[in-house]
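Structural features, examined
Each chain, letter by letter, is given below.
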Amino acid sequence: MTTSAPVLAVVDPYGPGALIAPAFREHGWSCVALTTADRPPGPLAHTWQPTDFDHHLAFTGDIAAFGRQLGRLGTVGVVTGLETGSALTDALCARLLPEYANRTELSAARRDKSAMQRVLARAGLASLRQVHTPTWAEVEDWLRDTGLDDAPWVIVKPARSAGGDAVRRVRPGDQLRAAFTMMAGRRNALGDVEEAVLVQECVRGTEYSVDTFTTGGVHEICGVTRCTKRSSGSVIGIYDSVEFVAPDDPVCEQLLPYARGVLDALGVRFGPMHAEIMLRPEGPVLIELNPRLAAGQMGFLSGLATGRSQLDRLVDFFHGRQHRKTSGYRLLRHVMSVFVTAHRSGVIRNPDSLSGLAKLPTAVRSTVTVPPGGRVRMTSDVFSVLGRVVLVDRDRDRVELDRRRIKRVERDLRIERV
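Small disclaimer: the values here were computed from a predicted structure and weren't measured.

1. Comments concerning the packing of helix 6 (residues 136-146) against helix 7 (residues 174-183)
Their axes nearest at 11 Å, the elements helix 6 and helix 7 cross at an angle of 145°. Judged by the twist between their axes, the crossing of helix 6 over helix 7 is right-handed. Together, Trp136, Val139 and Leu143 of helix 6 and Leu176, Arg177 and Phe180 of helix 7 make up the contact between the two elements.

Right, dumping it as C-alpha cells:
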C-alpha cells in the first residue's frame, strides 16, 4: 500500500523562498508553486526554479476557487516565499489552515513599511516618525509639525520594496523634494508601483536583525546579527558586513523583548519573520519587518553559526519535530558575511585582486564575481554588490583579520569611469 506525499504550497517562491521546496522535497514532500504575478521580480528572476514543483498555480483573484484547487491537491501547508505573496498566504491559511494563519486584518501592516509603523505607534511601541503621501504639500506640513525641517537628514524610501532598493538619505528642502518627485509613481524592485512616497525620520545607532520562527503565537529566536552599513552621498544602508551575535550579548536584553512585542503587535501567529531593528541610545526601534525567511544566504550562515536555521525549523515543524526544550539558539562559532562593493560605476582594471578572497584562512564561501569585460555599476543596494565572502572560525580575531583584508582589496579596486 502506498501513501501519497504530503503537499506544501509556497507562495511566490523567489529569493529566500526558492530554498523551501528543495528542503521539503528532500523529505519526500510534493510542492506547489503559487504565484501572484506573471513573472518574478526582475532582480530575483534567476531564483525561480519551476522544476522544484509538481504543480504551478497562478492566482487570478478568486480566493475561493484557489482554495478549492489546493484542497483537491491535498495541501497541508501554505507558506510565504517572498513578501509579495504574504497577503495571499494569510488569506489561504485563514480559509484552509487556520492553525497556521497570521491575523489577516494586519496582513498589509506586515508588508507595508508605513503601515507597520502606525500599528507599532498604536500599540505603544517605539516607532519612526513618518509621512506616507502622494502629495508634496503634506510632506512640507509634516516637516514643520515634527520640527524635522531643521533635521540634518530624513529618509526617503519605497513602502513595499526590499533589499535597500531606492532608500535615500537626503536633506530637507530641495534635496528631499527632488527625491520625492523621482520616487512618486516609480516601479520598485519587487514590481509594485509606489503611488505614494514614504518619508521617515533618520535615526542613528547600530542596526541588528532578529530572525524568528513562530508557532501558536510563541516566538522562537533563531539568530541575531549585527549589520554594519555605510553611506555614499544620498545612498544609505550599503551593506558592509553581517555578523552573528551571541544570545548572551547585552544588546539582546534590549532587542529581544522589543522584537517579540513587534511580532505580537503585527499579529504574527505562525512562520518565519525577519526584523531589522536600530538600537539607538534611547532604545530599539523597528526599521522594517519582512514576513518571510531571512534573505542573503542567512539560512547557510545560520547553519554555520548556530547549527539550525529558520528553514530547518519550518521543516521540523511540519515533521512534528519541534525543539521546545532547546528553544532559542547557541553561537557555535563566529560567522561573518562580508559584502564586496563597487565604489563607483565603470570598468574594474584589476579584477584579479578579487580572486584570492576565497582562499583567505577563514573563508568558506565566496560569491564575488566580476562580469565579463569588468563593467560594474556603483553599489547602491544588495542587488548590486559584487558578492559576499563568508568567514567562519572559533576565534573572532581571525575572522576580523580576514574582514580587514577583504576591505583592503575592495578599497584598492581600480574602477575606471567609461
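Structure's up, so let's keep going.
2. Description of the confidence of the model for the protein chain
A residue-level look at the protein chain finds 97% of positions with pLDDT of 70 or above and a mean pLDDT of 93. Per-residue pLDDT, averaged within each element of the protein chain, yields its smallest value for strand 9 (residues 193-194) (80) and its largest for helix 8 (residues 250-265) (98).

3. Overview of the sheet that holds strand 1 (residues 7-11)
Taken together, the 4 strands give an open sheet; going across it, the order is 3-2-1-4, and neighbouring strands pair in parallel fashion. Of all the strands in the sheet, the pair left with one neighbour each is strand 3 (55-58) and strand 4 (75-80). Neighbour-to-neighbour, the strand axes of this sheet turn through a mean angle of 25°, independent of strand direction. The pairing of strand 1 with strand 2 (residues 30-35) spans 5 bridges and is classified as parallel. From the neighbouring strand, alanine 9 faces strand 2, where its bridge partner is valine 32. Against the sheet, helix 2 (residues 63-73) makes contact with strand 1, strand 2, strand 3 and strand 4, and its axis sits at roughly 170° relative to strand 3, the strand it touches most.

4. Some points on empty space enclosed by the protein
What the rule picks out here adds up to 2 cavities of 30 Å³ or more. By volume, the largest cavity amounts to about 160 Å³. Lining the largest cavity are 17 residues, with Thr80, Thr89, Asn102, Phe270 and Gly271 positioned closest to its centre. Elements with a contribution of two residues or more to the lining of the largest cavity: strand 4, helix 3 (86-96) and strand 14 (271-280). Looking at the lining of the largest cavity element by element, the count peaks at 4 residues for helix 3. Within the lining of the largest cavity, the residues separate by chemical class into 9 nonpolar, 5 polar and 3 charged.

5. Some remarks on the nonpolar core
Ile20, Phe24, Leu34, Val78, Leu314 and Phe318 are the most contacted members of the largest nonpolar core, which totals 35 residues. Counting only elements with at least two residues in this core, the list comes to strand 1, helix 1 (20-25), strand 2, helix 2, strand 4, helix 3 and helix 10 (310-318). Excluding residues that lie within four positions of it along the chain, leucine 34 makes contacts with Ala9, Val10, Val11, Asp12, Pro13, Leu57, Phe66, Leu70, Val78 and Leu92. In this structure, Ala109, Val262, Ala265 and Leu286 belong to the second largest nonpolar core, which totals 34 residues.

6. Comments concerning the sheet that holds strand 19 (residues 375-376)
The antiparallel open sheet is built from 3 strands, whose spatial order is 19-17-21. Two strands lie at the open edges of the sheet, namely strand 19 and strand 21 (415-416), each paired on one side alone. Of the strand pairs in this sheet, strand 17 (residues 346-348) and strand 19 are connected by 2 bridges, and their pairing is antiparallel. Each bridged residue has a counterpart across the sheet, and for valine 347 the counterpart in strand 19 is arginine 375.

7. Comments concerning the layout of surface pockets
Roughly 250 Å³ of internal volume is contained in the second largest pocket. Taken together, 18 residues form the lining of the second largest pocket, with Ala37, Pro41, Leu190, Gly191 and Asp192 sitting closest to its centre. Among the residues forming the lining of the second largest pocket, the class breakdown is 7 nonpolar, 5 polar and 6 charged.

8. A word on helix 7
Given 3.6 residues per helical turn, the α-helix brings residues three or four places apart onto the same face. Among the residues of helix 7, those classed as buried are Leu176, Ala179, Phe180 and Met183. For helix 7, the arc enclosing every buried residue in end-on projection is 100°, short of the 170-degree limit, so these residues lie on one face. Opposite the packed face of helix 7, turned more than 90 degrees from it, sit the exposed residues Asp174, Thr181 and Met182. Backbone geometry just after helix 7 places glycine 185 at a positive phi near 80°.

9. Structural notes on the environment of arginine 129
Note on placement: arginine 129 falls in the loop between helix 5 (113-122) and strand 5 (130-133). Judged by its relative accessible area of 38%, arginine 129 is partly exposed. Linking arginine 129 and serine 114, residues 15 residues apart in sequence, is a C-alpha distance of 9.8 Å. What arginine 129 contacts, discounting residues up to four positions off in sequence, is Trp142, Thr146, Leu148, Val199, Gln200 and Glu201. Within the structure, arginine 129 has its side chain in polar contact with the backbone oxygen of threonine 146 (distance 3.3 Å).

10. A closer look at the pairing of strand 12 (residues 218-232)
In this sheet, strand 12 lies alongside strand 11 (residues 206-215) in antiparallel orientation, the contact comprising 9 bridges. Paired with threonine 214 across the bridge in strand 12 is histidine 219. With 8 bridges connecting them, strand 12 and strand 13 (residues 235-245) associate as antiparallel partners. The residue bridging arginine 226 from the neighbouring strand is glutamate 243, located in strand 13.

What counts, and where the lines are drawn
Residues numbered from 1 in each chain as written. Predicted model: local features only at pLDDT ≥ 70, side-chain atom pairs only at ≥ 80, totals over all residues. Heavy atoms only, no water. Axes fitted to C-alpha atoms, helices over the stretch in contact; angles between N-to-C directions. Helix = DSSP H or I, 4+ residues; strand = E, 2+ residues; numbered from the N terminus. Left-handed = near helix turned anticlockwise from the far one by under 90°. Contact = heavy atoms within 4.5 Å. pLDDT = per-residue confidence, 0-100. Pairing = 2+ DSSP bridges. 1 Å grid on protein atoms, 1.4 Å probe; cavity = no way out; pocket = protein on both sides within 12 Å on 5 of 7 lines; lining within 4 Å. Points joined across faces, edges and corners; volume = space filled by probe spheres on them. Nonpolar A, V, L, I, M, F, W, Y, C, P; charged D, E, K, R; others polar. Core = buried A, V, L, I, M, F, W, Y, C linked by side-chain atoms within 4.5 Å. Buried < 20%, exposed > 50% of the residue type's maximum accessible area, 1.4 Å probe, protein only. Arc of directions from axis to C-beta. Polar contact = N/O pair within 3.5 Å; in protein donor to acceptor, adjacent residues only side chain to side chain.

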